[in-house]
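Fold and contact review
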Amino acid sequence: MRTKCAVLVAAVGLIGAGATAIAHHSFAAEFDARQPINLKGTVTKVEWMNPHTYFYVDVTEANGSVTNWGLEMGSPNGLMRAGWTRNTLKVGDIVTVEGTRAKLKPHIGNARVVTLAATGKRLFAASSQGDTAPR
Amino acid sequence: MQQRALVVGVMIAALLAAFTGVGVRWSSAQAPAGQRADGAGGRNIAGSAEPTPRLADGTPNLGRVAGEKGVWNVPYITNMAERIVEADGTTLIERRQSQGRGARGAGAPLGGGEGTTGGGRGGAKSEPQVPFQPWAAAVYDYNSANESKYDPEGYCLPPGGPRMMATPYPMEIIQLPEQKRIFMVFEGATHIWREIYMDGRPHPSGDDLNPTYLGHSVGRWDGDTLVVDVVGFNEQTWIDYYGHPHTDLLHVVEKFARPTKQQLRYEATLDDPGAYTKPFSVRWTIPWNATGELTEYICQENNKYLQELTDDFGKPIFGRKQ
């Protein structure tokens, strides 16, 4: 229930903020909207920078090997309007990421929603693909 | 006019790309759900409309009221062709909305796909209301085929012309009537501002008119409408995300009106005899965000997209050469 409330608050916040999603480069040229990803792993690095914030996650594959994924979000101004701060994601946090796979680069993706395992809070990532989770 | 010289190269590259299948996706795959509204109107306008704020001399105030916050929430408009005022006085978006479908509603949008998420774009042939010259149609087809891979905004270059009012970051208008000038301050694109001279000066002529990204803007009030005349654009920008090209002959006349406190009505007439066979007008509404303030956005900081961008032959454009 707390999660639902958080989502509702986030959604209302987004509507109020209006143009929170940030368009920088061509989403379509870099990412394949037909290839959704859903990853769970541990944050290894956060680059809170323009024009896109990136974070990196160690994901354990089915065979036990670990792959480091790089994930793109919006810019800090857009993320702050969506409720983030530079300390929302920290190295060591366990997260689930819903997003889209890059067309050409393996283990790169665009994050649309990030869920923190510790709180269950779903955070919209000011993605250039759109604000809402896949339906 | 240097764009014309580029066309041959662009067309060859497009043909090669088509031949090899690189970057070409004419398929009509459905884009996923979850698109945000396209700024076609209204969703931020809640409650009863308040009257137009005015300065002491009665001129409409296009910015904040003293003591209050507020910014214009510039919408994300990806394809100007959908906003062209056609012979019947309406735009494609307006007709779609009047039929009960949103900007991202059912039915194939003009150009054949979703702006930011791909899904196939139809190019010039799908936009009969755009008066392309043949070379401009070829450039547009190329930008459609590679899904705006080489968008100047992706390089952290600024938008030019009406795209300033279509790049989705907050914007403020600051009027300085005693100084006879108006500033428009844009958080996004590249943290840009433009100055509009209100002192009655003409545009510079000849070599004194130096081509720039945002052009040279002179303004006047026509009743309650601010009319801004802009010339002197360089050719480093696109008219929109979809990649409608323009030349340095582009002449834009913009009209800004604030019929209520919550709405900025924007209309721009584009006359570019270098790229189009006749002028055309586009329009949309920009909603007021009464609690917003500008923040910092320095696009150039860590632009991995630019650093890693490759050309149609797979070679780095800006990164370390192999």
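What counts, and where the lines are drawn
Residues numbered from 1 in each chain as written. Chains lettered and ligands numbered in written order. Predicted model: local features only at pLDDT ≥ 70, side-chain atom pairs only at ≥ 80, totals over all residues. Helix = DSSP H or I, 4+ residues; strand = E, 2+ residues; numbered from the N terminus. Buried ≥ 20, exposed ≤ 12 C-beta atoms within 10 Å, placed from the backbone. Contact = placed C-beta atoms within 7 Å. Core = buried A, V, L, I, M, F, W, Y, C linked by C-beta atoms within 7 Å. Pairing = 2+ DSSP bridges. Axes fitted to C-alpha atoms, helices over the stretch in contact; angles between N-to-C directions. Expected span 1.5 Å × (residues − 1). pLDDT = per-residue confidence, 0-100.

To continue, consider the overall build of chain A. Helix and strand content of chain A: three helices and six strands. For chain A, the N- to C-terminal ordering of α and β elements is α-α-β-β-β-α-β-β-β. Expressed as a percentage of the 135 residues in chain A, the buried residues total 44%.

Below, the discussion takes up the overall build of chain B. Looking only at helices and strands, chain B has four helices and nine strands in total. Each helix and strand of chain B, ordered N terminal to C terminal, gives the series α-β-α-α-β-β-β-β-β-β-β-β-α. Evaluated residue by residue, chain B yields a buried proportion of 43% over its 322 residues. Counting only contacts in chain B whose residues sit at least 6 apart along the sequence, the fraction spanning at least 24 positions is 62%.

Another point: the nonpolar core. The biggest cluster of nonpolar side chains holds 53 residues, and the ones touching the most others in it are Trp72, Val74, Ala136 and Tyr266 of chain B. Those elements giving two or more residues to this core turn out to be strand S1 (71-73), helix H3 (134-145), strand S3 (181-186), strand S6 (225-231), strand S7 (251-260), strand S8 (263-271) and strand S9 (280-289) of chain B. Ignoring sequence-local partners within four residues, the contact set of Trp72 of chain B consists of Pro170, Met171, Glu172, Leu264, Ile286 and Trp288 of chain B. Counting 19 residues, the second largest nonpolar core, distinct from the first, contains Val57, Leu71, Met73 and Ala82 of chain A.

To summarise the sheet geometry, strands pair through backbone hydrogen bonds and adopt either a parallel or an antiparallel arrangement. Residues and elements named next belong to chain B. Sheet architecture is closed into a barrel: nine strands sit in the order S1-S2-S3-S4-S5-S6-S7-S8-S9, paired in mixed fashion. For this sheet, the mean angle separating the axes of adjacent strands, direction not counted, is 30°. Sheet analysis places strand S2 (residues 170-176) next to S3, joined by six bridges and oriented antiparallel. Bridging from a neighbouring strand, Met171 pairs with Phe186 of S3.

Okay, H3 of chain B next. Residue and element names in this part refer to chain B. Counted at 1.5 Å a residue, the expected span for H3 with its 12 residues is 16 Å, and the 16 Å between its end C-alpha atoms agrees. Burial of H3 is extensive: 10 of the 12 residues sit out of reach of the surface. Among the residues of H3, Trp135, Ala136, Ala137, Val139, Tyr140, Asp141, Tyr142, Asn143, Ser144 and Ala145 are the ones counted as buried.

Low pLDDT marks regions whose predicted coordinates should not be analysed in detail. Residues and elements named next belong to chain B. Summing up the model confidence of chain B, the mean pLDDT is 83 and the portion of residues at 70 or higher is 78%. In the predicted structure, residues 4-46 sits below a pLDDT of 50 and forms 85 contacts with residues beyond four places in sequence or in another chain. In the model, residues 103-119 has pLDDT below 50 throughout and makes 66 contacts with residues more than four positions away in sequence or in other chains.

Residues and elements named next belong to chain A. Across five bridges, the pairing between strand S1 (residues 31-47) and strand S2 (residues 54-60) is antiparallel. The residue bridging Val46 from the neighbouring strand is Phe55, located in S2. Taking the residues between adjacent antiparallel strands as the criterion, S1 and S2 are bridged by six residues. Bridging between S2 and strand S3 (residues 66-72) involves seven bridges; their strand directions are antiparallel. Bridge pairing in S3 links Phe55 to Leu71.

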